[in-house]
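Notes for the structure review
Each chain, written out:
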Amino acid sequence: MTNAIIQFKQVTKQYDNDPAVLDQVSFEIERGKFYTLLGPSGCGKTTILRLIAGFTEATKGDIFFNGKKINDVPANKRQVNTVFQDYALFPHLNVFENVAFGLRIKKMKNADIQQKVKEALSFVNLEGYETREIREMSGGQRQRVAIARAIVNEPEVILLDEPLSALDLKLRTEMQYELRELQRRLGITFIFVTHDQEEALAMSDEIFVLNKGIIQQSGTPIDIYDEPINRFVADFIGESNIVEGKMIKDYLVEFVGGQFECVDRGLNPNESVDIVIRPEDLEITTLERGKLQVRVDSQLFRGVHYEISCYDKDGNEWLVHSTKKAAVGDEIGLYFDPEAIHVMRFGETEADFDRRLEAYSAGDAHEQ
Amino acid sequence: MNNKVTRNLYLFPYALWIVLFVVAPLLLVLYYSFFDIEGHFSLVNYKTFFTPVYLKMTLSSFWYAFLITVISLIIAYPTAYLLTKTIHKQLWLLLIIVPSWINLLLKAYAFLGIFGTKGIANSFLEAVGIGAKQILFTDFSFVFVSVYIFIPFMILPIFNALNELNPTLLDAANDLGASKWITFRRVIFPLTIDGVKAGCQVVFIPALSLFMLTRLIAGNRVITLGTAIEQQFLVTQDWGMGSTIAVFLILIMFLIISLTGNRKRGV
């Protein structure tokens, strides 16, 4: 609790009579971690960032920074700095002056400014670029200048608004490593906004998945990938096969006409649920050994694996990631472990969901 | 090859226009400036220009043009800024531009009515108890009407510059600790300076050579280079001296354009 640097309490943001952009959102951000706000466009992730930065005001609810309410603190008095999506570098200033902008406003001594800007630029591998004009810098370099301009002020939190979206794939992957590395070295809290789930999984300590102004699920990348709370999260994070099913009893679930052993319990008998099975958890095997019998519809070579799209006799699509090749048109069997089945209740809150998962692991401990 | 021919063909009307109506008159002006009133070739006009009478006139021309430009700028900048913040900015902009479509002479006559002894302005002054004043034929009325006429030309380029300004830059400045005033001084103004320069050019240069307003509104109390040229050509019939003043006016214009014209690098 004491480690929380930012707290949102029932924060709502609404413009006139439009549906709320953020609907009673509450969360805590801990010091020194890398957070990602992940969601499709219009989900409210950038609004959260703007609320923290102070560019916009909450309609309802309170925002705390280091335990103090900051709803009415203007942006220029907040201990946070932002890296903008389009970098927002000042075109009339050179690299040095861009980075020094915040320090000059603080009326820091010139010698100190020189020192700090130099340090910040070396942090982002831009030594020797001080006198360059912004227009002479490439996209990746501008990105680094924007980061240097933020970290030079030694803020407690850095906000990053889709900063990598304008870069090409290779550069983007490179910058993901660099940002993660930078956050570890500086030990500052990073709040990163993106719609790219791979980026979120690769970089974060914690991910908040947002949709329609509500935090759907929060947790470590592994938690969220392995145990998605609902259809939206399962679908948004990675590829998934989602079908409707029915929980017959503890450890037994029915879907696509068969009953399968699973690891879930504590649900009502015959409760309707959604079933998720990740494509990489499906294994191609013979028709007899397979738990599911499907026909191969198409196959794409993805480099590391084949992406094979199959249909069962009910017309459900099953996506399989496999290093083994299949032949289009063949009837094959699909095998999966009981652990591969993820059962999602309809309309379950995050708190209930977490409680259920915790109960499983406690139960496992008893059984052992 | 064929492409080049077509291109030259398209260029022809423009080139003809420039030669007939820009280059030729300029050369003629230059040519006439070397002849005295009797039609003999001489440099006497240039000598006359450097006498106190004409130098004072040049200075006063500069002074009024400067006043008009500065006042226009002071009014236009905040107006342009406000315009970019309104919802129907194109409509408001149009309303500001519309008066500039009306003939200059008509507007001048309108002001004769407004500022006249029995005009609206004086009725108002009487109503509030100050009493009627001589408004017309003063420096004040001259500068006022000139500013009124030039203001749309000042607002337009500044509005465009402000409108093109990336609003995230203001967020960025704010984020880095800048107050509203510092954001204006360090970010907004430097980034719109090109618009300000362009506005000053289109106001200052024509203001240097204003002549009709000096007669109608200022009652010939204000003599600018423009008035002097008109007098030399139409009253004194000394085309040589008129041309000489015009040559200096043109030189001054080029000087101003080159001083204010260093177009900035975009990003």
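Reading the values: the criteria
Residues numbered from 1 in each chain as written. Chains lettered and ligands numbered in written order. Predicted model: local features only at pLDDT ≥ 70, side-chain atom pairs only at ≥ 80, totals over all residues. Heavy atoms only, no water. UniProt positions renumbered as here; feature names shortened; annotations may be inferred. Helix = DSSP H or I, 4+ residues; strand = E, 2+ residues; numbered from the N terminus. Phe/Tyr/Trp six-rings, centres within 6.5 Å; stacked < 30°, edge-to-face > 60°. Buried < 20%, exposed > 50% of the residue type's maximum accessible area, 1.4 Å probe, protein only. Lys NZ or Arg CZ within 6 Å of the ring centre and 35° of its normal. Contact = heavy atoms within 4.5 Å. Buried area = accessible area lost by both parts, 1.4 Å probe. Salt bridge = Lys/Arg side-chain N within 4 Å of Asp/Glu carboxyl O. Polar contact = N/O pair within 3.5 Å; in protein donor to acceptor, adjacent residues only side chain to side chain. Pairing = 2+ DSSP bridges. Axes fitted to C-alpha atoms, helices over the stretch in contact; angles between N-to-C directions. Parallel < 35°, antiparallel > 145°, perpendicular 65-115°, else oblique. Left-handed = near helix turned anticlockwise from the far one by under 90°. Core = buried A, V, L, I, M, F, W, Y, C linked by side-chain atoms within 4.5 Å.

What follows is about the UniProt feature "transmembrane region" (unreviewed entry) in chain B. The feature "transmembrane region" (unreviewed entry), as annotated in UniProt, sits at residues 12-34, 62-84, 91-115, 135-159, 198-219 and 239-259 of chain B in this numbering. For residues 198-219 of chain B, the helix share is 73%, the strand share is 0%, and the end-to-end C-alpha distance is 30 Å.

Below, the discussion takes up the packing of aromatic side chains. Geometrically, a pair of aromatic rings is defined through the distance of the ring centres and the angle of the planes. Within this structure, the stated rule accounts for 38 aromatic pairs over all chains. Ring centres 5.8 Å apart and planes at 50 degrees place the aromatic pair Phe-62 of chain B and Phe-204 of chain B in the tilted group. With Phe-62 of chain B in helix H3 (residues 52-85) and Phe-204 of chain B in helix H9 (residues 180-208), the pair connects residues that are 142 residues apart, well separated along the chain. When its relative accessible area of 30% is taken as the criterion, Phe-62 of chain B is described as partly exposed. Grouped by ring-pair contacts, the aromatic residues Tyr-31, Tyr-32, Phe-34, Phe-35, Phe-41, Tyr-46, Phe-49, Phe-50, Tyr-54, Phe-233, Trp-239 and Phe-248 of chain B constitute a single cluster. Seen from the ring of Tyr-225 of chain A, Arg-278 of chain A lies directly overhead, with NZ or CZ sitting 4.0 Å from the centre. The ring centre of Tyr-335 of chain A lies 5.8 Å from the NZ or CZ of Arg-289 of chain A, which sits over that ring.

In this section: the interface of chain B and chain A. Taken together, the 20 residues of chain B in the interface contact 24 residues of chain A. When chain B packs against chain A, the two sides together hide about 2100 Å² of surface, and 62% of this comes from carbon and sulfur. Linking chain B with chain A are one salt bridge, by the criterion used here. Linking Arg-50 of chain A and Asp-171 of chain B is a salt bridge whose minimum nitrogen-to-oxygen distance equals 3.4 Å. Applying the counting criterion to the chain B and chain A interface returns seven residue pairs in polar contact (both at pLDDT 80 or more).

Moving on, we get to the sheet that holds strand S13 (residues 258-261) of chain A. Residues and elements named next belong to chain A. Taken in spatial order, the five strands line up as S13-S12-S11-S14-S20 in an open sheet, and their pairing is antiparallel. Of all strands in the sheet, those with a lone pairing partner are S13 and strand S20 (342-345), marking the two edges. Strand-to-strand, the axes of this sheet are offset by a mean angle of 40 degrees, without reference to chain direction.

In this section: the packing of helix H11 (residues 225-235) of chain B against helix H12 (residues 239-260) of chain B. All names here are of chain B. It is the contact of H11 with H12, at a shortest axis distance of 7 Å, that shows an interaxial angle of 155 degrees. Between H11 and H12, the crossing angle belongs to the class labelled roughly antiparallel. H11 and H12 meet at a crossing whose hand is left-handed. Contacts between H11 and H12 involve Leu-225, Ala-228, Ile-229, Gln-232 and Phe-233 on the former and, on the latter, Trp-239, Met-241, Gly-242, Ser-243, Ile-245, Ala-246, Leu-249 and Ile-252.

Turning next to the UniProt feature "domain: ABC transmembrane type-1" (unreviewed entry) in chain B. According to UniProt, the "domain: ABC transmembrane type-1" (unreviewed entry) feature falls on residues 58-260 of chain B. Across residues 58-260 of chain B, helical content stands at 78% and strand content at 0%; the span's end C-alpha atoms are separated by 20 Å.

On to the nonpolar core, then. Residue and element names in this part refer to chain B. Ile-68, Phe-142, Ile-155, Ile-158, Leu-213 and Ile-245 are the most contacted members of the largest nonpolar core, which has 58 residues in total. The greatest single-element share of this core, amounting to twelve residues, is contributed by helix H7 (residues 139-164). For Ile-68, the residues in contact, after removing those within four places along its chain, are Phe-142, Val-143, Ser-146, Val-147, Phe-150, Val-203, Ala-207 and Leu-210.

Next up on the list: the environment of Ile-242 of chain A. Residue and element names in this part refer to chain A. Structurally, Ile-242 is set in strand S11 (residues 241-249). Along the chain, Ile-242 and Trp-318 lie 76 residues apart, while their C-alpha atoms are 8.7 Å from each other. Contacts of Ile-242, omitting those with residues within four sequence positions, involve Arg-231, Ala-234, Asp-235, Asp-274, Ile-275, Val-276 and Met-344.

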